[in-house]
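Each chain is listed here by its residues.
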Amino acid sequence: WRVGEGWDVHALVPGRRLVLGGVEIPFGRGLLGHSDADALLHAITDALLGAAGLGDIGTWFPDTDARFEGADSGQLLQAVAAAVRERGWQPVNVDATVVAQAPRLGPYRAAMQDRIARCLGVPPDAVNVKAKTAERLGPVGQGLSIEARAVVLLQRRAGTA
Amino acid sequence: WRVGEGWDVHALVPGRRLVLGGVEIPFGRGLLGHSDADALLHAITDALLGAAGLGDIGTWFPDTDARFEGADSGQLLQAVAAAVRERGWQPVNVDATVVAQAPRLGPYRAAMQDRIARCLGVPPDAVNVKAKTAERLGPVGQGLSIEARAVVLLQRRAGTA
Amino acid sequence: WRVGEGWDVHALVPGRRLVLGGVEIPFGRGLLGHSDADALLHAITDALLGAAGLGDIGTWFPDTDARFEGADSGQLLQAVAAAVRERGWQPVNVDATVVAQAPRLGPYRAAMQDRIARCLGVPPDAVNVKAKTAERLGPVGQGLSIEARAVVLLQRRAGTA
Ligand SMILES: [Mg+2]
Ligand SMILES: [Mg+2]
Ligand SMILES: [Mg+2]
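Residues numbered from 1 in each chain as written. Chains lettered and ligands numbered in written order. Predicted model: local features only at pLDDT ≥ 70, side-chain atom pairs only at ≥ 80, totals over all residues. Heavy atoms only, no water.

### Digging into the coordination of the magnesium ion (ligand 2)
All names here are of chain B.
Item 1. Bound to the magnesium ion (ligand 2) on the protein side are Asp8 (OD), His10 (NE2) and His42 (ND1), at distances that span 2.1 to 2.2 Å.
Item 2. Along the chain, the residues donating to the magnesium ion (ligand 2) are arranged with the sequence spacing D-x1-H-x31-H. Taken together, the residues histidine 10 in strand 1 (residues 2-14) and histidine 42 in helix 1 (residues 39-52) connect sequence positions 32 residues apart.
Item 3. Residue class for histidine 10 comes out buried when judged on its relative accessible area of 7%.
Item 4. A residue is classified by how much of its surface remains accessible, and histidine 42, at 9% relative accessible area, is buried. (Donors = N, O, S within 2.8 Å, 3.2 Å for Na, K, Ca; no water. Helix = DSSP H or I, 4+ residues; strand = E, 2+ residues; numbered from the N terminus. Buried < 20%, exposed > 50% of the residue type's maximum accessible area, 1.4 Å probe, protein only.)

### Notes on the coordination of the magnesium ion (ligand 3)
Residues and elements named next belong to chain C.
Item 1. Protein coordination at the magnesium ion (ligand 3) comes from Asp8 (OD), His10 (NE2) and His42 (ND1), with a distance range of 2.1 to 2.2 Å.
Item 2. Along the chain, the residues donating to the magnesium ion (ligand 3) fall in the pattern D-x1-H-x31-H. Within this pair, whereas aspartate 8 is found in strand 1 (residues 2-14), its partner histidine 42 is found in helix 1 (residues 39-52), the two being separated by 34 residues in sequence.
Item 3. On the basis of relative accessibility, which here comes to 2%, the residue aspartate 8 falls in the buried class.

### A few points about the interface of chain B and chain C
Item 1. Listed as interface residues are 25 residues of chain B and, on the opposing side, 28 residues of chain C.
Item 2. Summing the contributions of chain B and of chain C, the shared interface buries around 1,900 Å²; its carbon and sulfur component is 58%.
Item 3. Where chain B meets chain C, there are three salt bridges.
Item 4. Note that Asp8(C) and Lys132(B) form a salt bridge whose closest N and O atoms lie 3.0 Å from each other.
Item 5. Here chain B and chain C share 10 residue pairs in polar contact (both at pLDDT 80 or more) between them.
Item 6. Residue assignment for the side of chain B that touches chain C shows that the elements contributing at least two residues are strand 5 (89-99), strand 6 (127-132) and strand 7 (145-156) of chain B.
Item 7. Looking at the side of chain B that touches chain C, the element that brings in the most residues is strand 5 of chain B, giving six residues. (Contact = heavy atoms within 4.5 Å. Buried area = accessible area lost by both parts, 1.4 Å probe. Salt bridge = Lys/Arg side-chain N within 4 Å of Asp/Glu carboxyl O. Polar contact = N/O pair within 3.5 Å; in protein donor to acceptor, adjacent residues only side chain to side chain.)

So far we have only geometry, and geometry alone does not tell us how the molecule works.
This is the structure we're talking about:
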């Protein structure tokens, strides 16, 4: 068994799509970044890498690498999940929180969970996404950014050392 | 086995009681919220829900629901702990951090741990509360808010699938 | 099995050495604190204490105690790891994130991991350090501070109750 954690933040700006947990959410602004800037998937990706002792998302997918410009973070997460399995680990469950002052994310939680579970190759009930506001405090509370945090538990796959 | 995480923040304002970890703390200000705004219990509640795959505190106890106005967050945590057990999970341990610039929370740590353990129905040594300042940085450091974060480990209850 | 979490922040100021994960990093500023202010080692120390139910770093090493002025946080972590073992627990793995706008920490990740593993008495692959920026947002993003967060998994040592 091993545990991992991840945290991410991206600025919320006009003229970008808002993609969280692999789900596009209608909103006047979106997250700024080299890839699709999906803070939730990035936090989960980092938690998986961390639990498996495989480094961090910035090392795997440098934002200076043109291959990852506008990348679908779901594909990056899928690649990391495959690498984690190759090393002999299986994700047991993922729990995460998205902190956004707006828009309301509750209606998208189930769709995010399904998408994340598919990326990880785990049953839907192995993924839990929670949503909160920042109570109008700090950059997230002022609507300047969105944060996400995640934990993951791994177990040894049957038949691996 | 499953892992969960929770995070919460509430604004610190005049004219409210300060309740953290189910313990009332004498201080000139208190946390703002629909319930008693106990950020520590909310973070633990979210961690439990997350580990068990049961959603989030905002879905369980909407702050638009008059039933939860001024609610004792200890009762909400107890209800969630019961639901987690019904689903076949037992809390193994909880670890949490409260971040507040003031007041000093060290003297209240033991009482918070006892109260949380009673809400969860676990031995006192299964709960650990840590306290920190934010080093005068950001909204917490300026005394505008108090944050809390928590992780929880669950295991299958004997005799459940 | 038990899980723990830790979080820490220190202000980044001129005239101090920058020490993170027990590694001195050349940079014009350093972290402010009573000890060497190593936010990463402090977060890991708190996560270990939390998982073992042993309180928090502020109780163990009060910043009002002259013995810990300028202390090497690696020695504090080592002392805590020994106490955790005495209580019958063994660290399984540690995963952590350092959030700093500058300097770039990627080149120091491996050295931090080695140093932390030595402090804990675990194999190097049991420790994972991740590095991120705060996307220019908040005190960390403005270069006023550096934050760290960590999770740890413990298991019962063979031959202990
Ligand atoms: Mg990111
Ligand atoms: Mg709350
Ligand atoms: Mg510190």
